[in-house]
Structures are given as structure tokens and as C-alpha cells.
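For reference, the chains in residue letters:
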Amino acid sequence: MQENYKPLAIEQEVQAAWEVSGVFNVSESSTQPKYYCLAMFPYPSGKLHMGHVRNYTIGDVISRYQRMLGKNVMQPMGWDAFGLPAENAAMQHGVHPADWTYSNIDYMRDQLKRLGFGYDWNRELATCDPQYYKWEQWFFLKLLNKGLVYKKTAPVNWCPHDKTVLANEQVIDGCCWRCDTPVERKEIAQWFLKITAYADELLSSLEALDGWPEQVKTMQVNWIGRSEGVEMNFPVPDSEPVSIYTTRPDTLMGVTYLAVAAEHPLALKAAASNADISAFIADCKMMETSEAAMETMEKRGIDSGIKALHPITGEPVPVWIANFVLMGYGTGAVMSVPAHDQRDFEFALKYGIAIKQVVFAKDGEVADDCSEQAYTVKGVLKNSGAFDGLTSEQAFAAISEALEKEHKGQRKTNFRLRDWGVSRQRYWGAPIPVIYCDDCGTVAVPEQDLPVELPKDVVLDGSQSPLVGHPTFSHVACPSCGKDAHRETDTFDTFMESSWYFARFAGNNPDAMLDESAKYWLPVDHYIGGIEHAILHLLYARFYTKLLRDEGLLVCDEPFKKLLTQGMVLKDGSKMSKSKGNTVDPQGLIDQYGADTVRLFIMFAAPPEQSLEWSDSGVEGAFRFLKRLWKQAYQHSETGGSTVPLDKQALTEQQQTVRRALHLTIQKVTDDFGRRYTFNTVIASNMELINTLAKFVDDSDNARAIRQEALEAIVLMLSPIVPHICHQLWLDLGHQQAVVSASWPEVDTTALAQDILELVLQVNGKLRSKIKVSVTATKDEIEVMALNDEQVKRFIEGKPVRKVIVVPNKLVNIVV
RNA sequence: GCCGGGGUGGCGGAACUGGUAGACGCGCCGGAUUCAAAAUCCGGUUGGGGUGACUCAGUGCCGGUUCGAUUCCGGCCCUCGGUACCA
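Calculation rules
Residues numbered from 1 in each chain as written. Chains lettered and ligands numbered in written order. Predicted model: local features only at pLDDT ≥ 70, side-chain atom pairs only at ≥ 80, totals over all residues. Heavy atoms only, no water. Buried < 20%, exposed > 50% of the residue type's maximum accessible area, 1.4 Å probe, protein only. Helix = DSSP H or I, 4+ residues; strand = E, 2+ residues; numbered from the N terminus. Pairing = 2+ DSSP bridges. Right-handed = clockwise from strand over helix to strand, strands pointing away. Axes fitted to C-alpha atoms, helices over the stretch in contact; angles between N-to-C directions. Expected span 1.5 Å × (residues − 1). Contact = heavy atoms within 4.5 Å. Near = heavy atom within 4 Å. Polar contact = N/O pair within 3.5 Å; in protein donor to acceptor, adjacent residues only side chain to side chain.

### A short note on the pairing of strand 27 (residues 560-566)
Right, so step 1: The element strand 27 is largely enclosed, with a buried count of five among its seven residues.
Right, so step 2: Alignment of strand 26 (residues 524-530) against strand 27, held across six bridges, turns out to be parallel. Paired with G529 across the two strands is T565, which belongs to strand 27.
Right, so step 3: In this fold, strand 26 hands off to helix 17 (residues 536-550), which returns the chain to strand 27; that crossover is right-handed.

The structure is reproduced here in C-alpha cells:
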């Protein structure tokens, strides 16, 4: 065997061996149980960054571990290839988005191969391939047919200078990122998927996902936001009534105004005869659409002069126009109860609107005064006429019943979740396959005409989508009547592609969206990806899975059985991203130290779910460890290896200790791999074991056998993390079969047994001494030994012993 | 603003079910080796006090439960992610 560890040569050779043998190319005909391990596919932004390295190393480690357990493991890779950065690159560098994307893919594919990930490259796909998005278009039309797709207006960020729609990311402090012009809100017609039709199932089936982190499930529950409330009408003389929804009907008698959106019919009516109001409404448009901006901006309003009538008392209630109410969400109007809602309270104070308290604490348990702030907890009603004396809960029922009886409102379950807007006014995405005809209306593109391909001859200049101005793309004959018609020029949200790619990996069938192979491989057994996808991507993928199931294309209810959300790789305290310009290129480290060192370091630096602050130092330490491992194996092999089998009956005390350390490590590491997914502690334990082995100077036959056993186990345990060096060491330790197909090591429980163990002695909970006791010692014997310990005696001297607590195998605490 | 995480030595982290705080690694200090350096190997490394055995304090802050709290409970502070058109 080679004396020195030469990673670059080894890695090249081992990767070539994997490719020739095709070990990672799997099929559905295996007799072993299937295991589908998937890491979130990358956006081909240029080069791999540390987040990718971390994500794909975790996936590869889990995949290789599962292979060693005898599973038929499928690990595919592909490209989430549509998106905004390609258009930005096109504008900045004059390169076509497709060329930019495909050259990035070629570069990044090489990087992934260089890192030694065990992918089945035969399954590779790119979402910008017409053969991929064809099926997305096909499926969209199925949904259109089923009534799960509809069109309505919704707000977008509009830059009046560039005459273009801006993504939220492109709005900086309310202004366009390119020209700094204040952004306006603009209502345009867009396509929506009825995700709300599945809200109940998306919520209830979360419970069965016991392989998902609680935090992700909680975030999804809160995002879907199911609430019980009442929808009711406030009549308005000479107008349509104002419809509102509230989860606090018990506060209805405390309503002192209504707030409506700037686009609400009543606001428009009021503006028609009042210049101040129409100026305010125009002003409300100067606003970005993101929720964070909406919630943190200054809340402003204007009195419309219109009065609505309270549904119970019939008293007039002023209608205000407010910038924080949006037409698109809910009914575009809310009832306001300043006494019991903090935002309404602040608004009322600002504009001098009445504050009427109707809910009070039960028997003065807590301060319920609302002169300083709103009293938002539930309690008992006063100042509420017939409802006085009821608790909030009783009042909820009584007031809803009163409204229902008079047909003024009804109880309703609402969701915070809104339907999924999938239209994007951009070029680099999948075209939405519909045609607009003056006579026939909206017509689906016939199936035989799919895919609607994105034309390549376009120029991006930062204003409207080039599909709008394209000479031929939008001009088309109506498939229904043959007259001149025009195509939809919007493209799909890129979440549409990433919501079903995991199923497409199963077969990549040119003649069907999904086939039988998808039923074999799905659900994904383990999905690994960034915590930043905890809500949107994962929710859309879950939704899509249910849509595909209802179309008969899948047989599972949920796409991802187990989920590992890796923490972010941070640099200088925030998410590494191209837009922030704080990325670290792993390539230099790979060139210098090799893939194994990079993989080892990134797995060692932090547990996978925790965020990882990147630092270059420490990589050197990972490399040093691999050199030490190599050296141990080399010395063992050069001095003859092990030729005589281990005689377990004839071990010295030290030999027993080393062997016990070995099997304790296997036990711990197996748990870390299979249950905890803490690869950092896997590595730490193996480092400890190597340190133990380095200090184990014994050249007897039994010692050599133990060293052989230990080195083999270390190589097996580390092979999922550093597969190249382990491949070579496994051969050097005398094996013919490749380590990638070897079995996981087993714990020899007889090696774990010990007859003497150490107990910690505490006095009043503080560590004072340690004693060695036989494993067979009784509680009473231990207690006596503890009380007779010299150190312990010093601390309990002259004080009466009140209590002695013996925790078996751990400690004794003496309370004085 | 709202929802979900995180906060432990100089640094990354360990302590898994309430039971020895700081495993493992980085960095730093000292030593061996070397003409010298790199590499390698050995030892030390939470802070204060003490020559020392030892001792006191200590896991973001304040309070609580407990024989015992990094771990559980209440209230804060800071920070990261998401917030529906970044992916």
C-alpha cells in the first residue's frame, strides 16, 4: 500500500471505478426493499456553493448508509432550471437565459461528480426541457378541466419607469432595484390553483407525518391558519352591504368603524365626489405587496363619509378606507374593534375614533383596562345589550345564532392560506398553455399541440416580457373556431416545476407524465433540503401530490415520508446567496485537499439541522485526520496486518478496553446514522477511536487482530462520509469487494460488558468525588461506600445527612 | 408586525430521557524532531483565587420548579430563516 495519502489520484480512480461498475444505477426490479433518498435539486446559478455541498453530502451519506443496510437505494439529481437569475444574467451579460442555464448545468454537474455523490445520472432532468414542462402544461389543463384552476385579478409590484412587474426581491425599500423609482401596486388578471380546496387535507394529513420535524409541521399549520368565525353583512343605505369575516364575534358590540381596501366599491364610490379621498386612494397604490412591508408600514386611513349599519343595533358605523386592508385577501373589508384589537386601537387613537370596551376580565383576575392598549384576551361581556354577562365563548354562539336567525351572517371556517397564483409576467419559465379567442373565450391548447415551447429568439431589456412583443409566439389560430386568437404570454411560477420533479425522477417517461415506476419509488423515503423551504415549496409539493393522486398518477397521499431540514450555511451571519455576494466557492478547497476532506469538514462542523457559520479554518484539521487514518492503516499493513484470528478468551485488560471502546463506538455511530442524523458526532467518535488506537502499543497477535477489526469498522463507519479514501483503505485491508457494497458493522455485545464502573459522588448537587464500584453492588452498599469517601466526609462533616439519592450506574447525591 | 429556529471557552461544537458542563476539532502556548523551516509527534489550554492538594463562579438576561437545570416553566434581550413574485 502507498505510504502517503494522495487524495486527488485516489478520488479520480475511485470515481472512475464507480462509473464503470454502474453501482449507482438502480432499477425497479430489485428484490431488496426500495429506498428513495432525495436532496432538493439545485437552481443552476453558476457554481456550487457551500449550501449545495452540505445538502448533497447529507443526502449521499444517508444514501450510502442505507445501501450498507441492504436497500435498493435511488438517489437522482436534476436541475430546477427556470427562474429569475437567468433573466438577470441575460440582461447583465447579454447571454441568452437558455445558454447561461445549460452552461451552468454542465459546470455544476462536473462539480457534483468531482464530489463523488452516488447519483443515478441516467435519471437526470432539467425543468427547462420542453419534454419536462410539457407534462406540467398537460396537467394544468387537466386541472382547468376539473375546475381547480381559475383566473382573477391580484396585485403585483409595478415599476412605472421600467414598465415591468417586479418580484418582491427586486423591491428595495419600496423602490425598483434597477432605477430606484417608487414601486406601485397594480391589479392584473392572473391564473390561480385552488389550493384552498385541499386546505383541510393539507392540515389533517400533517399529523401522520411523524418523520417530519415538529417545527416544520407547526409552521405549516400556522400558515394554513384554520379559524372558526362568522361572516356577516353590514348593510349600507343605497349600496351593496359590506361583507366582513371575524373570529371574534363576541366583540361585535364594540365595533366602532369598518375598514375597507382602497379598491373596495365603497371606497371608489366615496372617491368619485371627494378629491381628498381619491388622492388618498391613489396614494395607497404607492406600496409594495409583501406581507412584511404591509404589516410594518405606517397604518393610514381616511373617513369615506359613508355609514354602514350595525347588523344587531342598526346604529350607523363609519366606513374608513385603510391602506392595510387588501382587496384580494378575504372580502376586502374588516370590522374594527379598537378596545379589543391592538392594530384597531392604534388606528382609533390616531384618528380620534371611539373606543368601546365590551369584554372585561372575569372577576378582576387581571387588569382589563383599555386606556393604554387593547384588551385582547377573552372574558365576560358588558355594554353589549342582550349579550351582557355572557362569556366570550357563550357570546360567540349567541351572537352567531342571532345573526343566522335574521339571515345577516353565518358561522364559517376560514383559512389564512390563499389560492396559489401561478402566473408570472416573465420569459424564462414554462408557457401557460391557453389561448384567448374573442368568440370562444379562454381555450385550452389541444393535447397534441403540447408542449407550448418557449421561443428562443428574444431580447431581454428589463421592461415587459419579450413574449408579449414576440413577432409570432402569441399569434395563433383559435383551436376551437380557427379565427385569429392570441396566446397567454405569462409563464408559470417556478414552484410549479419543483412541485412534482421528485415523481418524474422515477421514470422520465417520454410518453406519460408519470408511470408505474412512480408508484414503485414514491413516496420519497428521505428528503433533504434547506429550512428556508419549510413552507412554500414543501406545501406546494404536498398539494401537487394530492392532485396527482386524485388524477390516478400516484398512489400515495404525501410525497416525503421523512424530512431533514438542513440549516443554512451562513457567511458573515447571513444566508449565503448570490444576490448578497457572500458565497464561498468550494472548488478551491476540493482542488487543494480533495472531495473527502471537504465532505468530512462540512459534516463535522455542525449537526445538519443547525445553521453553520462558514470558516475556512478547520478544513486543515479534517485533512490531518484523514492523513492520520491513512497512516494507521499503512503502519498496520506494512507490519504484516493481522494473520491470526482474535482469541476473545485470552484478552488482556488493555485489549478488552480497546475492544470495548470499538464496540461502544459502533453502537453510538449506528444510532447517530440511523436515528439522530448527527454526522458531526459520528466523526468525533471515530476520531476518539483513532486516538485510542494510536495509543494502543501492543504487537501481540490478539492486538493485531483487534487493530484489524477496529480499522475495518472505522473504514466502514466513515465510508458514507469519505467514500473515496475508504474505498482504497478497504482494499488495502485485504478485501476484494468494494466498500460501497459492504454491510454495516455489527456490535459485539459481549465486548461491551464490564464488571467495574465509576460513579460520581455529589454533595448538595455538586461534584465532590468519584468511586469505582462493582456492577453487582447493591444500592445500600453503594450508599455506605459513598458516605465513607474521604472527600465526601470533608463536605458533610458536622452536618446531618438529610437524604441520599442513588441514580443507578450514574451517581450518588448526598443532601445535607 | 406575525410564524418558526438559535444563543454553551478565543472559534466550530459535545453533553441524546433533569444527573460529571466543555467530548471531538480549530486556534493559541510550551516541548521533541530539524542546520533551519514545513510536516509530524508529545503536553497544556473556561474565568477568578491558591506554590499546591484544592476552591469559588460559570451555558444570552431576570425569576421559578427540583436533592440536582445547558436541559422543564414564566417574562425579556439579541440573532437567523420564512412571510405567498429569490430559489
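### A word on the sheet that holds strand 11 (residues 242-246)
Right, so step 1: Sheet architecture is open: three strands sit in the order 11-10-18, paired in antiparallel fashion. Of all the strands in the sheet, just strand 11 and strand 18 (409-415) have a single pairing partner and so form its edges. The sheet shows a mean angle of 35° between the axes of neighbouring strands, taken without regard to direction.
Right, so step 2: Where strand 10 (residues 226-234) and strand 18 come together, seven bridges link them in antiparallel fashion. The residue of strand 18 that forms the bridge with E228 is T413.

### Some details on helix 20 (residues 619-638)
Right, so step 1: Along its 20 residues, helix 20 runs 28 Å from first to last C-alpha, staying within 8% of the 28 Å computed at 1.5 Å per residue.
Right, so step 2: For helix 20, the secondary structure elements touched by its buried residues are helix 1 (7-21), helix 18 (587-593), helix 19 (595-604), helix 22 (679-694), helix 23 (701-718) and helix 24 (723-732).

### Considering the protein's contact with RNA strand B
Right, so step 1: Close contacts around RNA strand B come from 75 residues, with E291, R426, A605, K668 and N813 the closest.
Right, so step 2: What you see for RNA strand B is that sugar and phosphate hold 62% of its atoms within 4 Å of the protein.
Right, so step 3: Between RNA strand B and S423, the relevant distance is 3.5 Å, taken from a base nitrogen to a main-chain nitrogen or oxygen of the residue.
Right, so step 4: A total of six residues in the surface near RNA strand B trace back to one element, the largest contributor, which is helix 22.

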